[in-house]
Amino acid sequence: MTTVLVVDDDFMVAKLHCRYVSAVPGFTVAGVAHSGADALRAADRIRPDLVLLDIYLPDMDGIGVLRALRAAEARDADRQPADVLFITAARDAGTVRAALRAGALHYLIKPFSQAALQEQLRHVASLRTRLASLDEARQEDVDQIFGTRPPGSRELPKGLAAHTADLVDRVLRAHPQGLSASECAEAGSLSRVSARRYLEYFAETGRAEVTLRYGGTGRPERRYRRLG
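Residues numbered from 1 in each chain as written. Predicted model: local features only at pLDDT ≥ 70, side-chain atom pairs only at ≥ 80, totals over all residues. Heavy atoms only, no water.

Turning our attention to the pattern of salt bridges. Should their charged atoms come close, side chains of opposite charge can pair. Tallying each qualifying case throughout the model produces 18 salt bridges. In this structure, the salt-bridge partner of Lys-110 is Asp-54, at a minimum N-O distance of 3.6 Å. Here Lys-110, found in the loop between strand E5 (106-109) and helix H5 (114-133), pairs with Asp-54, found in the loop between strand E3 (50-53) and helix H3 (62-75); they are 56 residues apart in sequence, far enough to count as distant. The partner of Glu-200 in a salt bridge is Arg-222, and the shortest N-O contact between them spans 2.9 Å. (Salt bridge = Lys/Arg side-chain N within 4 Å of Asp/Glu carboxyl O. Helix = DSSP H or I, 4+ residues; strand = E, 2+ residues; numbered from the N terminus.)

This part covers the sheet that holds strand E2 (residues 27-33). If you trace the five strands from one edge of the open sheet to the other, you get E2-E1-E3-E4-E5, paired in parallel fashion. In the strand order of this sheet, the two ends are held by E2 and E5, each with one partner. When the angles between neighbouring strand axes are averaged without regard to direction, this sheet yields 20°. Two strands pair when backbone bridges link them, and strand E4 (residues 83-88) and E5 are joined in this way by four bridges, in the parallel orientation. Its bridge partner lying in E5, Leu-85 is registered against His-106. (Pairing = 2+ DSSP bridges. Axes fitted to C-alpha atoms, helices over the stretch in contact; angles between N-to-C directions.)

Where strand E1 (residues 2-7) lies against E2, six bridges are found, and the strand directions are parallel. Counterpart to Val-6 in the pairing with E2 is Val-32. The parallel pair E1 and E2, bridged by helix H1 (residues 11-22), forms a crossover whose chirality is right-handed. (Right-handed = clockwise from strand over helix to strand, strands pointing away.)

And the structure:
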């Protein structure tokens, strides 16, 4: 279970983010803070795995909070550093650069959809799982870990709809062993052609892998399994 500290000066926004986090399997909200000082005290007390951090706070900005957090972690050899995901309305490039240099894992600009935040959370979970399983990294492992965007965060190409992509994604999640385009179409009440387009898009963008299942005659069946 990944524990999360939500930091936002707006009580209603913080509550909304908590709801988004709680809806993702494997994540739980361990604390909420509405100022920088409260965030640092909460992080010291609960030692979260992930901090969702706003830039605009009443007493200090989020960059300062992150720097103070990293300093506190460095002073305690037994303390496991937290990952930090900025969720903020700050759009200026200087702030984005400062967040990156301070050690943020990613930066999500408000307003954003529930799906966008939850995709980032799943990306965090995937990275944590990958890192925990590695003794020695290959270049492809490093490329994925340090990639600027998680698979699936790209804008959909013309002709594909977000709600249908979400539907196909849910079908893939419900079939971790993999399934064919026909099976996906049946499970999602889609046409086979439509299901195949979205599955192929997921495969192209790294959200799914394709394997071939050979039968007696004819072309092998393409089967899709979600990654991450």
